[in-house]
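# Close look at the chain arrangement
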Amino acid sequence: MRRLAAIAAVAVIATVTGTACSGVGGSGEAGVYTTIDGAKQIDATAPINPFNPQGNTFLGYDAMSLAWPKNDPVDPNQFYPGIAQSWTTTPDQSEVVVHLQPNAKWSDGKPVTSQDVKTSIGLAYTQGGTAYAVDPKAAGSAADVIVVDPHTVKVTQGANKSNTFLRNVLSTVVVPAHVFGSLLPADFWTQLKLARGSGPAAEKAKASITGLAQKVITFAPPKDVSAGPFVLERVNPGEALLVKNKHFWASDKIAPNRVKVLNYTGNQQIWNYLIAGRLDSAPFTAVPSGVLNRIRQTDGNEVVKGFSPVAVSMAFNQTKAPYDNVHVRKALAYLIDRSQVTKVASPEGGTPSPTTTGIHAEAAKSWLGDSINGLDQYKPDPAKAAQELKAAGMKQVNGKWTMPDGSPWVVELHVPASFSDWVAAAKAITSQLNDHGIQASVLTSADYTLYLDELAAGKYDIGLWLMALGPAPYNIYQRIYGSANGWQLLAGNLTHVPPGKEGNWMGGPETLDGVNPGALTNQLNVADPAQQKQIVGTLARLTNQNLPMIQLYDYVNTQFVNDSRFTGWPPNDSDVLRLSAGVWMQLGLIKEQGTR
Amino acid sequence: MTVTSPVAPAPISLRRNFWRGVGRVLRRKPSRMVGVAIVVLFVFMGIFGPLLYPNPLPRDDNALYASPSWAHPFGTDFEGTDVLALVVTGTRYVLLAGLATAVITVAVGTLIGLLAGFHRGRWDSVLMRLTDLQLTIPGLPLLLVLSTVWKFTSPIEMGVVLGLLGWGGIARAVRSQSLSLRERGFIEAAKGLGLPTRHIVLRELLPPMAPYIAMNMLIAVTGAIYAQVGLFFLGVLPFDANNWGVMLNLSVFGGGALSSTAALPYLLAPLLAILLLTLGIVLVVDAMDEIFNPRLREE
């Protein structure tokens, strides 16, 4: 009996080993591409609806935009074709004409037409924002949508122009009118025209359009109808399975027959998928060095790195002493060794910021050129820091810095507990400050939503803050001189609210060296490229001199691919690394291993 | 003049006999001696631990997540700080919070249980409904919600909250014992002598239950350690690098200790500390059981 059990055990081990060898630790199924969706976790109960934030549609696979933004460090208006084969625009972006892929079809065989685009735009109006704000005075909102022919759509911009209009129009996700069209009332476009006027009738029409938002979000089509390379077959709490869409206009470019999108509950689960060799590719995931080395040991795994237009900073609430004093902020900048912080917090996914400009270092090279060398680099210099602190009136008693009146000074640095690299960065910063006689501690918030709420309510002195969210320069500087710092753009009018009111937690002054940085940031919306470069130069200098925040490290887009089953991955620094693997397939990049 | 003199040494003799009995009980099973040694070690670490290391603890940028060595028996953390030093200096918070929790759990639970059991009637109904209410409150979800408004910066605050959430079980047990004891002859006699309620409850009813309460207090310490470390591990309580729960959190979510070996010692050190401390307390409770229970002692 015991021998039989032993033989059975050996047989099982042999079978398992054989399977493992043939599948190289992966799914082992030919033609199945396995990945995760970096934007969301899978909720099997969510509808197959791209307007639902948890919806079971996957951008680039079964959800399609008109075009795919390259997120070029300097030019936000570069795209790869999506459902739109080509597009033209006037120099001031007052008009965008979109030409659809002539052979585009939905997965049920019906053609993709201009009417689908118009319906999708109508549905986007119910959600508000970007190019489709009902308020006609909103910057960069569309004024009219005209179907020129079955494959051509013209979208015109309203009076309050923005140079982000083209980007926002081309980012429109297109859904089939024969599935989603019934959500819009027959008189929707009449109502929209009415809503863009003024008076009680306009208000009523506006309310009726925004009132559709929930209906659109909760709409659950019985099955997926996709114009992308894949169509959703089934979804369960563990994974979503998509199969190849035979009607996709470039289906010959698509190597995988199926795509599995695995669910995850946290980074740790993604690390384990990668270590097991299960994923053919994974988008940006924060990874500690030890785990990265372990992932690299798995057969076929490779790391690809590229530009990511995001940086992390330490932002000040300038309504609170002593952070209202620029000398104190400068002193802290001179005391923080950003290289050490990056080494501790994000050695694989970040590079120390060369200085504070508000822009990611890669983008800053193009925007600022050599003028970046004229800015203060804030290299670690305790002597300069002491000078700045003395200039601010701070006192040093028994090696500890105190407030000007002699009361204790405790630097409290707030971070959300769930961001492990931020927690480590904050700890490294407080350790450095404690070394230099500044009492400092880290305080964590239970989750990111609570953190943002408390930050906006002005409860924190200093908090870590995402910045440099490019590529559009307006988006970059809006993180510094936007609503968090008092500048609000409502119905085309820029106003500045007092510190501590309406989410103005940064509480910076309305003008810096006689310049209104919020107004300057707003001008980035309408400026031509040459003017933009000039404005960015000014804002970078103001930010560097006044330090509303200290730029700590710039993120690196660290992604993972596995050569065991597929090949043809984008190289390092490729702009497509900022898009989903579904788009890589549409561009003909991914090939099955051995077919190249 | 000579009548009272032989009576005086009696308490000293009793005390000496008690400690001799304690010594005998501990010696009977070596594991109990180990338990006492572990608890003494942790108490020593709690009192003197922070004095053994410089403040702030030294860091080494060139030894982030270093492997175990003679210099760093449990390696280093993400900042290159010795993990053993973090565990030792973090003992004070854990023990203080545990002790505060135990004291409050036992004080509130015993008081309510005694009053309800002794008085019965309306007192019993009101206090037991209050206890039922307390027992139905889900502790962890409440703590998660509380952590959004209360930062628990001191171990005493932590202990107060955990204690106020944990007295229900002891109150119920003490009430049951009180109901049983109040029917005994010595309580009847005390009542017959017209002794005040306070005397009966504190001097007659409480002492027989003291061993049970003392053991519950020690067990409450272990419960409190798990609860607070768990909350810190979930990341809902304030960051403190040398807190055992924070160390577990950072080793798993920041260092990937469950996915690679680099941060494994950083994970194992606080786990081992929790395990050892719990083991020490359980072994001491085992000894206490025999010390206070005459039937076990006779065996």
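First things first, this report covers the structure right here in the doc. (Residues numbered from 1 in each chain as written. Chains lettered and ligands numbered in written order. Predicted model: local features only at pLDDT ≥ 70, side-chain atom pairs only at ≥ 80, totals over all residues.)

Further remarks concern the overall build of chain A. Helix and strand counts for chain A stand at 19 helices and 25 strands. Here the C-alpha radius of gyration of chain A, 26 Å, is about what a compact globule of 596 residues would show, namely 25 Å. Along the longest, intermediate and shortest principal axes, the C-alpha atoms of chain A span 85 × 75 × 40 Å. For chain A, buried positions account for 49% of its 596 residues. (Helix = DSSP H or I, 4+ residues; strand = E, 2+ residues; numbered from the N terminus. Rg over C-alpha atoms; globule rule 2.2 N^0.38 Å. Buried ≥ 20, exposed ≤ 12 C-beta atoms within 10 Å, placed from the backbone.)

What follows deals with the pairing of strand 5 (residues 84–89) of chain A. Alignment of strand 5 of chain A against strand 6 (residues 95–100) of chain A, held across five bridges, turns out to be antiparallel. Each residue of the ladder has a partner; that of Ser86 of chain A, found in strand 6 of chain A, is His99 of chain A. (Pairing = 2+ DSSP bridges.)

This part takes up helix 9 (residues 289–297) of chain A. Residues and elements named next belong to chain A. Here helix 9 has its buried residues at Val291, Leu292, Arg294 and Ile295. Along the long axis of helix 9, the arc covered by the buried residues comes to 160°, so they all point the same way. Elements in contact with the buried residues of helix 9: helix 8 (267–275), strand 14 (301–316) and strand 23 (549–562). (Arc of directions from axis to C-beta. Contact = placed C-beta atoms within 7 Å.)

Looking now at the pairing of strand 8 (residues 152–157) of chain A. Residues and elements named next belong to chain A. A one-sided burial pattern is seen for strand 8, the buried positions being Val153, Val155 and Gln157 and the unburied ones Thr152, Lys154 and Thr156. In the sheet, strand 6 pairs with strand 8 via five bridges, with the strands oriented antiparallel. Bridging across to strand 8, Val97 finds its partner in Lys154. Pairing of strand 7 (residues 142–149) with strand 8 involves six bridges; the strand directions are antiparallel. The residue of strand 8 that forms the bridge with Ala142 is Gln157.

Take the interface of chain B and chain A next. Taken together, the 26 residues of chain B in the interface contact 26 residues of chain A. Mapped onto the side of chain B that touches chain A, the elements with two or more residues apiece are helix 5 (139–149) and helix 10 (244–254) of chain B. The class makeup of the residues in the side of chain B that touches chain A is 14 nonpolar, eight polar and four charged. (Nonpolar A, V, L, I, M, F, W, Y, C, P; charged D, E, K, R; others polar.)

On to helix 11 (residues 338–345) of chain A. A turn of α-helix holds 3.6 residues, and therefore any two residues three or four places apart point the same way. Residue and element names in this part refer to chain A. The buried count for helix 11 comes to six of eight residues, which makes it a mostly enclosed element. Buried residues of helix 11: Arg338, Val341, Thr342, Lys343, Val344 and Ala345, and no others. Taken together, the buried residues of helix 11 touch strand 15 (350–352), helix 14 (420–435) and strand 23.

The amide bond that connects Ala321 of chain A to the next residue, Pro322 of chain A, takes the cis arrangement and shows omega of 0°. Note on placement: Pro322 of chain A falls in the loop between strand 14 and helix 10 (326–335). Of note, the amide linkage connecting Asn55 of chain B to Pro56 of chain B takes the cis form, showing an omega dihedral of 0°. Backbone geometry places Asn398 of chain A, a non-glycine residue, at a positive phi of 50°. On the secondary structure map, Asn398 of chain A appears in the loop between strand 16 (395–397) and strand 17 (400–402). Non-glycine residue Arg120 of chain B carries a positive phi angle of around 50°. Here Arg120 of chain B lies in the loop between helix 3 (83–119) and helix 4 (121–136). We classify Arg120 of chain B as partly exposed; it has 14 C-beta atoms within 10 Å.

Residue and element names in this part refer to chain A. Counting 150 residues, the largest nonpolar core has Val341, Val423, Ala425, Ala426, Ile429 and Met549 as its most contacted members. When residues no more than four places from it in sequence are discounted, the contact partners of Val341 are Ile336, Ala425, Ala428, Ile429, Leu552 and Tyr553. Residues Met64, Ala104, Ala240 and Val261 belong to the second largest nonpolar core, which totals 91 residues. (Core = buried A, V, L, I, M, F, W, Y, C linked by C-beta atoms within 7 Å.)

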